[in-house]
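# What the coordinates show
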Amino acid sequence: MPQGAQSGPRSAISRVLGSVSLVNLNLFNDVPDGLTQRARSFVRAHGVKVDIRPIEEHRQWWLERDIPAAVIDRMAAYEEQWGGLVLPPSPQYDGGPRYLEADSPEGSTSDGWWFEAGMQRTAVPYSFMIGPSGELGIHAGRWVPLHASVAGWVESLALTHHVSVCAKQIVKVTGDDVDGIVLDGYEPVREVKGLADTWWRGSDSLVTIYSGEAEALSFPRGRTALIYSSLDEWGLRGGVKDSDS
């Protein structure tokens with residue numbers, strides 16, 4: 001958890017319970033809004049939802065600790081859309097959040113407010129946070145937004161799953177060698193809403209570049225890129241048109 005975060009009763013509850021009581025295994029009619037059809041299919045096929053305690057149960061606790069009501073409203077809205085969602089792990093960030101749940105607001109009126117996006121799967125040296133403008137990113141004393149929205153993060157996971165199945169070759173590039181990747185003629189994949197982490201589409205390949213840990217931890221060699229090659233039109237887009245983004 002970043003220094004200065006307002007650890008709440010939900011964190012203590014998670015430590016005590018150690019598990020979540022109810023699980024929804026069928027998300028066919030319970031997929032969050034704002035996703036492409038490719039991502040919706042991914043969530044339906046591979047996502048589940050776990051039962052979490054509503055933000056409203058703890059509103060007074062945070063208000064008494066000078067967390068603005070508007071911040072708690074944002075946390076409640078986040079959970080209304082994304083709360084309890086469990087997705088397959090990301091290939092980076094030790095898998096990403098275990099499941100999505102708002103907690104631990106921090107910030108100020110002048111700098112803006114963040115809150116935890118969900119508990120880490122492993123002991124990584126940062127927290128997954130939602131930023132002042134709704135970005136999903138990592139906080140390790142330094143804030144680095146990965147995607148401009150939670151939907152962008154989910155779209156990236158869905159695209160990773162899709163293209164991993166379709167690509168005939170996958171090449172991993174790390175550190176300074178990432179600078180050698182030539183993206184002339186490539187276009188950004190808009191639906192992932194990339195910031196520190198981006199996706200690029202060429203004529204027969206997709207490239208994703210992960211820079212979040214490198215920026216957050218001041219570790220340039222931590223940059224990683226994956227190049228997915230020999231893709232047909234379905235592999236490149238999975239049925240998603242630019243107008244869908």
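To keep things clear, this report deals only with the structure shown in the data block. (Residues numbered from 1 in each chain as written. Predicted model: local features only at pLDDT ≥ 70, side-chain atom pairs only at ≥ 80, totals over all residues. Heavy atoms only, no water.)

## Description of the pairing of strand 13 (residues 224-229)
For strand 13, a buried count of 6 out of 6 residues is recorded, marking the element as mostly surrounded by other parts of the structure. Residues Thr-224, Leu-226 and Tyr-228 line one face of strand 13 and the alternating positions Ala-225, Ile-227 and Ser-229 line the opposite face, and both faces are buried. Bridge count between strand 9 (residues 169-174) and strand 13: 6 bridges; the pairing is antiparallel. Bridging across to strand 13, Ile-170 finds its partner in Tyr-228. In terms of strand pairing, strand 12 (residues 206-210) meets strand 13 through 5 bridges, oriented antiparallel. Bridged to Ile-209 within strand 13 is Ala-225. (Buried < 20%, exposed > 50% of the residue type's maximum accessible area, 1.4 Å probe, protein only. Helix = DSSP H or I, 4+ residues; strand = E, 2+ residues; numbered from the N terminus. Pairing = 2+ DSSP bridges.)

## Here's the deal with the nonpolar core
Core analysis: the largest hydrophobic core is formed by 50 residues, its most contacted members being Val-43, Tyr-78, Trp-82 and Trp-199. It is helix 5 (residues 150-166) that provides the largest number of residues to this core, a total of 8 residues. Filtering out sequence-adjacent residues up to four positions away, Tyr-78 remains in contact with Gly-83, Leu-100, Glu-101, Ala-102, Phe-115, Ala-117, Ile-130 and Val-150. In this structure, Val-178, Val-207, Ala-225 and Ile-227 belong to the second largest nonpolar core, which totals 7 residues. (Core = buried A, V, L, I, M, F, W, Y, C linked by side-chain atoms within 4.5 Å. Contact = heavy atoms within 4.5 Å.)

## A look at helix 2 (residues 37-46)
Those residues of helix 2 lying buried are Arg-38, Ala-39, Phe-42 and Val-43. Burial along helix 2 is one-sided: seen end-on, the buried residues are contained in an arc of 135 degrees. The inward-facing, buried residues of helix 2 abut strand 3 (85-86), helix 5 and helix 7 (233-237). (Arc of directions from axis to C-beta.)

## Remarks on empty space enclosed by the protein
Under the defined criterion, the tally for this structure stands at 4 cavities of 30 Å³ or more. Size it by volume and the largest cavity reaches roughly 70 Å³. The wall of the largest cavity is formed by Leu-85, Leu-87, Pro-88, Gly-95, Pro-97, Arg-98, Tyr-99, Leu-100, Arg-121, Trp-153 and Leu-157. (1 Å grid on protein atoms, 1.4 Å probe; cavity = no way out; pocket = protein on both sides within 12 Å on 5 of 7 lines; lining within 4 Å. Points joined across faces, edges and corners; volume = space filled by probe spheres on them.)

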